[in-house]
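Structure at a glance
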Amino acid sequence: MMRMIPVRETILSAAILLLLALIATRFSGFVAPSNLANVFNDTAPLIILALGQMVVILTRCIDLSVAANLALTGMAVAMLNVAVPGLPIPIIIAIAITLGAIMGAINGILVWKLEIPPIVVTLGTMTIFRGIIFLISDGKWVNAHEMSEAFTGFPRAAVLGLPVLSWVAVLCVIVFGIMMARTPLGRSIFAVGGNPHAAVYTGINVGKTQFLAFVISGALAGLTGYLWVARYAVAYVDIAGGFELEVVAACVIGGISIAGGIGTVGGAVLGALFLGVVKNALPVVNISPFWQLAITGSAILIAVAFNARSGNAKGRIILKSAQSSS
Amino acid sequence: MSVFKKVMASAALAATMFATPAAAEDVRIALVVKALGIGFFEAAAKGAEEAAAELGDVEIIYTGPTDTTAEGQIEVINALIAQNVDAIAISANDTDALVPALQKAMQRGITVISWDSGVAPEGRQMHLNPSSNALIGNMIIKLAADHLPDGGDVAVLSATTTSTNQNIWIEEMNKVMGNYPGINVVGTVYGDDLADKSYREATGLMQSNPDLDAIIAPTSVGIVAAAQAVVDAGKVGQVNVTGLGLPSEMAGAIESGASKSFAIWNPIDLGYSAAMLAYEISKNGVEAGPGAEIPMGRMGTLTLDENSEGAMADPFVYDASNIDEFKSIF
């Protein structure tokens, strides 16, 4: 069991390296360190969201409202910035995370207390969140010249050679790595997804764990909402339209089982990076836009097919060690 | 029919007699917009008022529903018919849904024209387009060429591969490339009208074409994203972003220098022309039909095509000199 997961990650890493090598033969500038840093920075929002989505998928749920949550939080903080230009960035970030977490909590409550299937809940809240953006913004854009310098400057400020946006993603990866492996919450997330009935017998509240997973995913979406709006210096109703599917795709490519309980932080990050490399490489290798879509789609299918095969593990012999030791 | 008309006419006469006396002399032109409270249409109303001031005997009724629905506009049209206005100039929320209501208005002798967003030909006497595909296609390449006297490489950042408008404009642009010697179009990429994809495509363009001089984005999402990508790549002054955008959205890009100029219709001119045309048809009895030439004050003359449609003018160019005036409008 423990050996299988690193294997999957090694293969994915190898696939990314192979992809990079292929791109390099057509456009050598792509693998320059500075460009790879740019690619990582461009993928940072996807990595952050994929981590949140991973936690949700691990508990046998799915959060389709992440992109709408991102857009709503982004619009809210952008409008706040226009209204109160002097508000310090840490406070804006705190507000973004809180707003996102509240929206995640709404999903979580509906799944936990009303026991509505998560796909239905988040499909509904996805539309509601987009609708709310239209209501609060009146369909208008918040534009670059209306945002304060500090607001748009924060994610691109360079620290040790990398923009803050990249560092936020790195920080999230570290926090999640520790959380999933070393905390009771991380273990209960795996337990709930792996076998909910067994989880109940060990004293884990399944609904509450799923609720917390949605809150975590929402908080990350909120954080990304601010980063996204600040990075592209524009907020409007449709930002990140369809991005929730990319986030789910990153998780699936990263080997996180849609059936729950199986997956790693490393897998989610590599899945996101794989998509990030593909998305950034396709424009520069001069492939027709019609093929771009087909290639991205095929990459997802191949990864899923591969995961489905390797996920088809033989039944787990849970008593073998007990047998041999006795 | 004639009896009905007479009844209606006397009813209308009675209505006007009860209404303000001035209304009997003034030509009352209703400017019906998609929805109230939109900067673009407020600016068009300003233009219509300008035309009214120039003409003297015109009263502009600026109206529209509170949300952009065809139902709302039908109610507004019915109210205007009841008020017996002289002309209705409408920017429609639906091509076909408004036709019955507008036909009713025409039967009552009200001049009906559409502008900006058109109505099907049977529901209006003529339609005023802000510009034409050929003029737009020419304008987007001209904007890039104007800042490249010695020629250079330009690339196009479009919306989706299937966007009808953008594809037609790019096609029209390619037709007139011969007039701009030295300008090379090195590629066309598609940002799907998503800020993040457009940004990435623009970054890719600059990477794969290190000598790129200009990015032409005939889409409002793309032009903003490309400008941001140029700023982030530190290529301001080297790569000029131009195309079609809205002044409020592009003010930052003009300020940062990433975009030297861009174009879009001027709503003030549009409202002005619509009011002028409505006046000419209603008051001076100009016949609106295929091939007709109708004067529209300072905007010159409008020539109608076989569908009784006409294009007002070249898209209006916005740059550092006028952006502050327009960024608060739309």
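Residues numbered from 1 in each chain as written. Chains lettered and ligands numbered in written order. Predicted model: local features only at pLDDT ≥ 70, side-chain atom pairs only at ≥ 80, totals over all residues.

**Focus: the overall build of chain B**
Helix and strand counts for chain B stand at 11 helices and 14 strands. Radius of gyration (C-alpha) of chain B: 22 Å, near the 20 Å computed for a compact globule of 330 residues. Relative to its full complement of 330 residues, chain B shows a buried share of 51%. (Helix = DSSP H or I, 4+ residues; strand = E, 2+ residues; numbered from the N terminus. Rg over C-alpha atoms; globule rule 2.2 N^0.38 Å. Buried ≥ 20, exposed ≤ 12 C-beta atoms within 10 Å, placed from the backbone.)

**Considerations on the nonpolar core**
Of all hydrophobic cores here, the largest spans 214 residues; its most connected members are B:L31, B:I88, B:A89 and B:A275. Top contributing element to this core by residue count: helix α10 (residues 206-232) of chain A, with 16 residues. Built from parts of two domains, this core gets at least three residues from each of domain 1 (2-130 + 267-313) and domain 2 (133-264) of chain B. When sequence neighbours within four positions are dropped, the list of residues in contact with B:A275 reads B:I29, B:L31, B:A48, B:A51, B:A52, B:V58, B:I60 and B:A89. (Core = buried A, V, L, I, M, F, W, Y, C linked by C-beta atoms within 7 Å. Domains from an automatic or database assignment. Contact = placed C-beta atoms within 7 Å.)

**Quick notes on the sheet that holds strand β7 (residues 183-190) of chain B**
All names here are of chain B. What the four strands build is an open sheet, ordered β7-β6-β8-β9; its pairing is parallel. Strands at the two margins of the open sheet, each flanked by one partner only, are β7 and β9 (240-243). Looking at each pair of strands side by side, their axes are set apart by 25° on average, direction ignored. Bridge analysis of strand β6 (residues 152-158) against β7 gives seven bridges, and the strand direction is parallel. What sits directly across from A155, in β7, is G187. (Pairing = 2+ DSSP bridges. Axes fitted to C-alpha atoms, helices over the stretch in contact; angles between N-to-C directions.)

**Here's the deal with the pairing of strand β3 (residues 87-90) of chain B**
All names here are of chain B. Neither face of β3 is left uncovered, since the one carrying A87 and A89 and the one carrying I88 and I90 both have all their residues buried. Strand direction decides the pairing type here: strand β1 (residues 27-32) and β3, joined by four bridges, are parallel. Considered in β3, the bridge of A30 is made with I88. Note: β3 against strand β4 (residues 111-115), four bridges, orientation parallel.

**A word on the interface of chain A and chain B**
Between chain A and chain B, the residue contacts involve 21 residues of the former and 22 residues of the latter. Contributing elements (two or more residues each) for the side of chain A that touches chain B: α12 (265-284) and α13 (289-311) of chain A. Ranked by residue count, the leading element in the side of chain A that touches chain B is α12(A), at four residues. Of the residues that constitute the side of chain A that touches chain B, the class distribution is 12 nonpolar, six polar and three charged. (Nonpolar A, V, L, I, M, F, W, Y, C, P; charged D, E, K, R; others polar.)

**Quick look at the packing of helix α8 (residues 220-232) of chain B against helix α9 (residues 247-256) of chain B**
Each packed pair of helices is defined by two parameters, the angle between the axes and the distance between the axes. Residues and elements named next belong to chain B. The geometry of α8 relative to α9 is characterised by a closest axis approach of 10 Å and an angle of 30° between their N-to-C directions. Regarding the angle of α8 to α9, the classification is roughly parallel. The hand of the α8/α9 crossing is left-handed. Contacts between α8 and α9 involve S220, I223, V224, A227 and V231 on the former and, on the latter, E249, M250, A253 and S256. Partitioning the contact of α8 with α9 into residue classes produces six nonpolar, two polar and one charged. (Parallel < 35°, antiparallel > 145°, perpendicular 65-115°, else oblique. Left-handed = near helix turned anticlockwise from the far one by under 90°.)

**Structural notes on the confidence of the model for chain B**
If pLDDT is low for a region, its predicted coordinates should not be looked at in detail. Mean pLDDT for chain B: 86, with 93% of residues reaching 70 or above. Interface confidence for the predicted complex, given as ipTM, is 0.77, next to a pTM of 0.78. (pLDDT = per-residue confidence, 0-100.)

**Observations concerning the confidence of the model for chain A**
When pLDDT is averaged across chain A, the result is 88; 91% of the residues are at 70 or more. Within chain A, the lowest mean pLDDT, 52, falls on helix α14 (residues 320-325) of chain A, and the highest, 96, falls on helix α4 (residues 89-113) of chain A.

**Notes on the domain arrangement of chain B**
Considered domain by domain, chain B is made up of domain 1 (2-130 + 267-313) and domain 2 (133-264). Centre-to-centre separation of domain 1 of chain B and domain 2 of chain B, based on C-alpha positions: 36 Å.

**Description of helix α2 (residues 33-58) of chain A**
Residues and elements named next belong to chain A. Where α2 bends most, at T43, the angle is about 45°, and the proline P45 comes one to four residues later. A large share of α2 lies buried, amounting to 21 of its 26 residues. At the exit of α2 stands R60, carrying a positive phi of roughly 70°. (Bend = angle between axes of the 7 residues up to and from the residue.)

**Some remarks on helix α2 (residues 39-55) of chain B**
Residue and element names in this part refer to chain B. Compared with an ideal rise of 1.5 Å per residue, which puts 17 residues at 24 Å, α2 spans 24 Å between its outermost C-alpha atoms and is within 8% of the ideal. Buried within α2 we find F41, A43, A44, A45, G47, A48, A51 and A52. On its buried face, α2 sits against β1, β2 (58-63) and α10 (267-282). Looking at the residues trailing α2, positive phi occurs at G56, about 90°. (Expected span 1.5 Å × (residues − 1).)

**Things to note about the packing of α12(A) against helix α7 (residues 195-208) of chain B**
Between α12(A) and α7(B), whose axes approach to 8 Å, the crossing angle comes to 50°. It follows that α12(A) is oblique to α7(B) by the angle criterion. Read as a crossing pair, α12(A) and α7(B) show a hand that is right-handed. In contact with A:K279, A:N280, A:P283 and A:V284 of α12(A), α7(B) contributes B:R200, B:E201, B:G204, B:Q207 and B:S208. Split by residue class, the contact of α12(A) with α7(B) holds two nonpolar, four polar and three charged.

**Comments concerning the environment of B:L205**
Residues and elements named next belong to chain B. On the secondary structure map, L205 appears in helix α7. Separated by 18 residues in the primary sequence, L205 and G187 have C-alpha atoms spaced 8.2 Å apart. Residues within four places of L205 in sequence aside, it is in contact with A155, G187, V189, L212 and I215.

**Considerations on the environment of B:A229**
Residue and element names in this part refer to chain B. Along the chain, A229 falls in helix α8. We classify A229 as buried; it has 26 C-beta atoms within 10 Å. C-alpha separation for the pair A229 and A159, spaced 70 residues apart in sequence, amounts to 16 Å. Apart from residues no more than four positions distant in its own chain, A229 is found in contact with Y199, A202 and T203.

**Here's the deal with unusual backbone geometry**
Residue and element names in this part refer to chain A. Residues other than glycine seldom take positive phi values, yet R60 does so here, at roughly 70°. Within the secondary structure layout, R60 lies in the loop between α2 and α3 (66-83). Judged by local crowding, R60 falls into the partly exposed class, with 19 C-beta atoms found within 10 Å. With phi around 55°, A240 is a residue other than glycine that occupies positive phi space. Relative to the helices and strands, A240 resides in the loop between α10 and α11 (243-253).

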